[in-house]
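So the chains spell out like this:
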Amino acid sequence: MVEIKAFIFDLDGVLTDTAEYHYQAWQRLADAEGIPFSREENDAMRGLARRDSLNVLLKGREIDEATAQAWMVRKNDYYVALLSKISPDDLLPGVGDFLAAAKADGLKLGVGSASKNARPALEKLNILSLFDAVGDGYSVVHGKPSPDLFVWVAGRLGINPAQGVVFEDAAAGIQAAKRGGFYTVGLGDAVGEGATIRLPNLGGMRPREILARLV
Ligand code: BG6
Ligand code: MG
């Protein structure tokens, strides 16, 4: 039997509800530019890098490169303003206890986030030091649903993908993890089918229960 050695967490929508702030920032940009956009459409963006998210927002509209860059800067400015207000109180239900229990059980912990704002977010949540490896929007060229980011994190943790469990709230993230050969835990309503285990959130969950259900 394969021994699980590490848990790798997506950040936005898994450890904290910054997925909501990414949505609000894109909505603000879309409203200002007169582009129809909705919360449902935003679910298709979950987990995607900034540029890939913009392409989803544009729905085939063509803009020149300078405009694309300017719009991404504006969206990020809106997002960073929202992010500046988060604190350790903004961890999603059960996350603090779950991370502490996983560490106590001897598991290595990693983050695999598409976001270039992942490190400041982890600092604000006061959990950065818990992680043995952090992969973010600067780590690899091909973002989710490519498996590259999770494989990069696994390498940093010194595990094979088959020894790791990825926790994700996004369909693109589950796809990335499965393509990389990881076990998967899908969290929340937007994650869709495909994860090995699906849970509403980590509230009341113990790492050992996850392991027992996976292997
Ligand atoms: C992911 C989010 O974690 O990071 C996406 O799910 C976001 O919504 C992506 O687009 C990139 O984030 P950033 O902060 O680099 O724009
Ligand atoms: Mg996410």
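## Some details on the packing of helix α1 (residues 18–33) against helix α3 (residues 50–58)
No. 1: Relative orientation of the contacting elements α1 and α3 amounts to 45°, with a least axis distance of 12 Å. When the axes of α1 and α3 are compared, the pair comes out oblique. The handedness of the crossing between α1 and α3 comes out as right-handed. Contacts from Trp-26, Leu-29 and Ala-30 in α1 reach Arg-50, Ser-53, Leu-54 and Leu-57 in α3.
No. 2: Across the contact of α1 with α3, the residue classes break down as 5 nonpolar, 1 polar and 1 charged.

## Observations regarding the coordination of the magnesium ion (ligand 2)
No. 1: For the magnesium ion (ligand 2), the full set of protein donor atoms is Asp-10 (OD), Asp-12 (O) and Asp-169 (OD), at a range of 2.0 to 2.1 Å.
No. 2: Of note, the magnesium ion (ligand 2) draws all its donor residues from one chain, in the sequence arrangement D-x1-D-x156-D.
No. 3: Overall, Asp-12 belongs to the buried group, its relative accessible area being 12%.

## Some thoughts on the site of ligand 1
No. 1: Taken together, the neighbourhood of ligand 1 is formed by 13 residues, with Asp-12, Arg-50, Ser-115, Lys-116 and Asn-117 sitting nearest.
No. 2: The separation between an oxygen atom of ligand 1 and a polar main-chain atom of Gly-47 is 2.9 Å.
No. 3: At a separation of 3.2 Å, an oxygen atom of ligand 1 approaches a polar side-chain atom of Ser-53.
No. 4: Split by residue class, the shell around ligand 1 holds 2 nonpolar, 6 polar and 5 charged.
No. 5: Among the domains, domain 1 (6–17 + 88–214) and domain 2 (19–83) are the pair contributing at least three residues each to the shell around ligand 1.

## Observations concerning the packing of α1 against helix α4 (residues 65–83)
No. 1: Contact pair α1 / α4: the axes reach a minimum separation of 9 Å and the direction vectors enclose 135°. Between α1 and α4, the interaxial angle falls into the category oblique. Crossing of α1 against α4: the hand is right-handed. Residues Thr-18, Tyr-21, His-22, Gln-24, Ala-25, Trp-26, Arg-28, Leu-29, Ala-32 and Glu-33 of α1 form the contact with α4, whose participating residues are Trp-71, Arg-74, Lys-75, Tyr-78, Tyr-79, Leu-82 and Leu-83.
No. 2: Of the residues in the contact of α1 with α4, the class split is 10 nonpolar, 3 polar and 4 charged.

## Observations concerning the domain arrangement of the protein chain
No. 1: Parsing the protein chain into structural domains produces domain 1 (6–17 + 88–214) and domain 2 (19–83).
No. 2: Measuring from the centre of the C-alpha atoms in domain 1 to the corresponding centre in domain 2 gives 23 Å.
No. 3: Interface area for domain 1 against domain 2, summed over the two sides, is near 1200 Å², with a carbon-plus-sulfur share of 54%.
No. 4: At the boundary of domain 1 and domain 2, one finds 1 salt bridge.
No. 5: One salt bridge connects Asp-169 with Arg-46, and the closest N-O pair in it is separated by 2.6 Å.
No. 6: Counting across the domain 1 and domain 2 interface gives 6 residue pairs in polar contact (both at pLDDT 80 or more).

## Considering the packing of aromatic side chains
No. 1: Summed over the entire model, instances satisfying the criterion amount to 9 aromatic pairs.
No. 2: Between Phe-7 and Phe-9 the ring centres are 6.2 Å apart and the planes differ by 80°, which places this aromatic pair in the edge-to-face class.
No. 3: By relative accessible area, which is 0% here, Phe-7 ends up buried.
No. 4: Judged by centre distance (6.4 Å) and plane angle (70°), the ring pair of Phe-9 and Phe-131 falls under edge-to-face. Pair noted here: Phe-9 is in strand β1 (residues 6–9) and Phe-131 is in the loop between α6 (118–124) and β3 (133–135), with a separation of 122 residues, a long-range link.
No. 5: Note that Lys-75 overlies the ring of Tyr-79, its terminal NZ or CZ placed 4.8 Å from the centroid.

About the cut-offs
- Residues numbered from 1 in each chain as written.
- Chains lettered and ligands numbered in written order.
- Predicted model: local features only at pLDDT ≥ 70, side-chain atom pairs only at ≥ 80, totals over all residues.
- Heavy atoms only, no water.
- Axes fitted to C-alpha atoms, helices over the stretch in contact; angles between N-to-C directions.
- Helix = DSSP H or I, 4+ residues; strand = E, 2+ residues; numbered from the N terminus.
- Parallel < 35°, antiparallel > 145°, perpendicular 65-115°, else oblique.
- Left-handed = near helix turned anticlockwise from the far one by under 90°.
- Contact = heavy atoms within 4.5 Å.
- Nonpolar A, V, L, I, M, F, W, Y, C, P; charged D, E, K, R; others polar.
- Donors = N, O, S within 2.8 Å, 3.2 Å for Na, K, Ca; no water.
- Buried < 20%, exposed > 50% of the residue type's maximum accessible area, 1.4 Å probe, protein only.
- Near = heavy atom within 4 Å.
- Polar contact = N/O pair within 3.5 Å; in protein donor to acceptor, adjacent residues only side chain to side chain.
- Domains from an automatic or database assignment.
- Buried area = accessible area lost by both parts, 1.4 Å probe.
- Salt bridge = Lys/Arg side-chain N within 4 Å of Asp/Glu carboxyl O.
- Phe/Tyr/Trp six-rings, centres within 6.5 Å; stacked < 30°, edge-to-face > 60°.
- Lys NZ or Arg CZ within 6 Å of the ring centre and 35° of its normal.

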